[in-house]
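# Examination of the molecular architecture
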Amino acid sequence: MNLKRLDYFCQLAQLGNFTRTAKKIGIAQPALSIAMQKLEQEVGLKLINRAEKNALLTADGKVFYQYASALLDQSQQMSLALEELKGGMKGEVSLGVSAMMGSYFFPELLTLFKKRYPDIKIRLIDQGTAALETMLINGELDLALVRCDHENDQLRYTARMEEEVVAAMAISHPLAQNTHTHLAEFCRYPLVLFHEGYFLRESVSHFSKQNQIKLDIRMETNLIELQKNLVKNDVGITTCLARTLVNEHEIKAMPFIPKMSFKLGLAWKKSHYLSKASQVFIQFFEDRIRDGG
């Protein structure tokens, strides 16, 4: 079976449109249509409903897509394995991290890793932990730092670490005189929050909906430094990881009662081939966590 046609078919299934798919692949649209016709002839099934330039999968097409995706993934993993057999500690690791962990935990770690393994390329992807977990399961990432409070049975985890979540506010803020705060009190003030899909936002959103509290959200941003500046200027208060405020003198870090925290772990898909480069990174990461980061 022609792997190139399978790749075209999977990309068409994902984008749902011949024009966009042809542009992404870099071929003419008629060439893509011919390739799909040949694929259907090869398998003896109608895979695509062609209507108004949209490529909608038939029932057979949806089943075929699952197998085609798995086959392409296996082919890619085999290519990686063969490259590694040729020798040398080289390769690429696609690594997913959240914005906050990427800004405050990984810079030093990745710098040390690159000094030790200069020929291993790290491709860093910034998303919320929920999105990263989905990307791992879909085979879009090799590794990701995700929440492991409730482990997904499709993933393996290692190097677990716990991060405390605190309230952050300007030192002139009325709450700053307290030693701790509760979410009920926190939610009554103007807020600067992460976008939906991030744990630091979801914990607040879930509490407010559960208790029917209308939030006064002045700004939504995943840009950490912008968020800090808004907090310093008393635009609103926010939630963040305690480690990000260690050297901040204009922002008060205040613990929640009860304590709010979540567990993170370096994870990968159980059925995904772990390249030597990924294995080396896992070992390096484990050593850093064991030695205190």
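Residues numbered from 1 in each chain as written. Predicted model: local features only at pLDDT ≥ 70, side-chain atom pairs only at ≥ 80, totals over all residues. Heavy atoms only, no water.

### Overview of the pattern of salt bridges
- Taken as a whole and judged by the stated rule, the model has 13 salt bridges.
- In this structure, Glu92 and Arg123 form a salt bridge, with 3.3 Å as the shortest nitrogen-oxygen distance. Of the two residues, Glu92 is situated in strand 3 (residues 91-97) and Arg123 in strand 4 (residues 120-126); the sequence distance between them amounts to 31 residues.
- The exposure class of Glu92 is partly exposed, given its relative accessible area of 37%.
- For the salt bridge of Arg201 with Glu196, the shortest nitrogen-to-oxygen distance reads 3.1 Å.
- Arg201 gets classed as buried once you look at its relative accessible area, which sits at 5%.
- Several salt bridges converge on common partners, so that one network encompasses Glu92, Lys121 and Arg123. (Salt bridge = Lys/Arg side-chain N within 4 Å of Asp/Glu carboxyl O. Helix = DSSP H or I, 4+ residues; strand = E, 2+ residues; numbered from the N terminus. Buried < 20%, exposed > 50% of the residue type's maximum accessible area, 1.4 Å probe, protein only.)

### Some points on empty space enclosed by the protein
- Taken as a whole and assessed by the stated rule, the structure comprises 2 cavities of 30 Å³ or more.
- By volume, the largest cavity amounts to about 140 Å³.
- The set of elements that each furnish at least two residues to the lining of the largest cavity consists of helix 5 (99-104), helix 9 (199-210) and strand 10 (251-269).
- A total of 3 residues in the lining of the largest cavity trace back to one element, the largest contributor, which is helix 5.
- When the residues that make up the lining of the largest cavity are grouped by side-chain class, the tally is 11 nonpolar, 3 polar and no charged.
- If you add up the space inside the second largest cavity, you get close to 60 Å³.
- Lining of the second largest cavity is provided by Met100, Ala168, Ile224, Gln227, Lys228, Val231, Thr238, Cys240, Thr244, Leu245 and Ile251.
- Among the elements that line the lining of the second largest cavity, the one with the most residues is helix 10 (residues 224-232), at 4 residues.
- Residues belonging to the lining of the second largest cavity are distributed by class as follows: 7 nonpolar, 3 polar and 1 charged. (1 Å grid on protein atoms, 1.4 Å probe; cavity = no way out; pocket = protein on both sides within 12 Å on 5 of 7 lines; lining within 4 Å. Points joined across faces, edges and corners; volume = space filled by probe spheres on them. Nonpolar A, V, L, I, M, F, W, Y, C, P; charged D, E, K, R; others polar.)

### Considerations on the confidence of the model for the protein chain
- Averaged over every residue, the pLDDT of the protein chain is 88; residues scoring 70 or more account for 94%.
- For the protein chain, the element scoring lowest by mean pLDDT is strand 2 (residues 54-57), at 73; strand 7 (residues 191-193) scores highest, at 96. (pLDDT = per-residue confidence, 0-100.)

### With respect to the packing of helix 1 (residues 3-15) against helix 3 (residues 29-43)
- Running from N to C, helix 1 and helix 3 point in directions that differ by 110°, and their axes come no closer than 10 Å. Taken together, the axes of helix 1 and helix 3 lie roughly perpendicular to each other. Every residue of helix 3 that contacts helix 1 at Arg5, Leu6, Tyr8, Phe9 and Leu12 is listed here: Leu32, Ala35, Met36, Lys38, Leu39 and Glu42.
- Taken together, the residues of the contact of helix 1 with helix 3 sort by class into 8 nonpolar, no polar and 3 charged. (Axes fitted to C-alpha atoms, helices over the stretch in contact; angles between N-to-C directions. Parallel < 35°, antiparallel > 145°, perpendicular 65-115°, else oblique. Contact = heavy atoms within 4.5 Å.)

### Concerning the sheet that holds strand 5 (residues 143-147)
- Spatially, 6 strands are ordered 4-3-5-10-6-9 in an open sheet, and the strand pairing comes out mixed. Edge positions in the sheet fall to strand 4 and strand 9 (238-241), since each has one partner strand and no second. Each strand of the sheet is rotated relative to its neighbour by a mean of 30°, with strand direction disregarded.
- With 4 bridges connecting them, strand 5 and strand 10 associate as antiparallel partners. Bridge pairing links Val146 to Gly265 in strand 10.
- Lying over the sheet, helix 6 (residues 106-116) contacts strand 3, strand 4 and strand 5, oriented at roughly 165° with respect to strand 4.
- Contacts from helix 7 (residues 129-137) reach strand 3, strand 4, strand 5, strand 6 (155-170) and strand 10, with the element oriented near 135° to strand 5. (Pairing = 2+ DSSP bridges.)

### Concerning the side chain of Glu248
- Along the polypeptide, Glu248 turns up in the loop between strand 9 and strand 10.
- Polar side-chain contacts of Glu248 include one of 3.1 Å to the side chain of Lys228.
- Here Glu248 is in contact with Lys228 and Lys232, once residues within four sequence places are set aside. (Polar contact = N/O pair within 3.5 Å; in protein donor to acceptor, adjacent residues only side chain to side chain.)

### Points about the packing of aromatic side chains
- Summed over the entire model, instances satisfying the criterion amount to 10 aromatic pairs.
- Arranged with centres 5.1 Å apart and planes meeting at 45°, the rings of Phe113 and Tyr117 form a pair that is tilted.
- When its relative accessible area of 0% is taken as the criterion, Phe113 is described as buried.
- Feature note: the residues Phe105, Phe106, Phe113, Tyr117, Phe281, Phe284 and Phe285 constitute an aromatic cluster, connected by ring pairs. (Phe/Tyr/Trp six-rings, centres within 6.5 Å; stacked < 30°, edge-to-face > 60°.)

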